[in-house]
Amino acid sequence: MKTIYDIQQFLKKYGTIIYVGDRVADLELMEEELIELYNSQLIEDREFQNAIMLLRHEIQLEKEKNNKKTGE
């Protein structure tokens, strides 16, 4: 998985569609869902690690972008 879209498509295979309207919340929910799939041994270590790294990086970028908008 190389993009957030790839992760969304991957989660869709397991019947999970996440959209709450808040980008950071969406990303955090995707992370939680991936953790559940990993703990249930439904996804491989490498796949899980790549997806989590990608999500956490994107969450950090979004939070930085939000902080710049609010002037913090």
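For the structure, check the block above.
This one's a predicted model, so the numbers in the text were calculated from it and none came from an experiment. (Residues numbered from 1 in each chain as written. Predicted model: local features only at pLDDT ≥ 70, side-chain atom pairs only at ≥ 80, totals over all residues. Heavy atoms only, no water.)

> Just give me the short version of the overall build of the protein chain, but keep the residues and values in it.
A tally of regular secondary structure across the protein chain gives 3 helices and 0 strands. Seen in sequence order, the protein chain has helices and strands lined up from the N terminus as α-α-α. Overall size of the protein chain, expressed as C-alpha extent along the three principal axes, is 40 × 20 × 20 Å. Residue burial in the protein chain is summarised as follows: out of 72 residues, 31% are buried. Here the contacts in the protein chain between residues at least 6 apart in sequence split such that 54% fall between residues at least 24 apart. Roughly 5,200 Å² of accessible area belongs to the protein chain as shown, and the carbon and sulfur atoms make up 47% of that amount. The average position of the 10 basic charges and that of the 15 acidic charges among the side chains of the protein chain differ by 7 Å. (Helix = DSSP H or I, 4+ residues; strand = E, 2+ residues; numbered from the N terminus. Buried < 20%, exposed > 50% of the residue type's maximum accessible area, 1.4 Å probe, protein only. Contact = heavy atoms within 4.5 Å. Areas by Shrake-Rupley, 256 points an atom, 1.4 Å probe, with all protein chains shown as cover. Lys, Arg positive; Asp, Glu negative; His and termini not counted. Charge placed at Lys NZ, Arg CZ, Asp CG, Glu CD.)

Remember that the coordinates give geometry; whether it matters functionally is a separate question.
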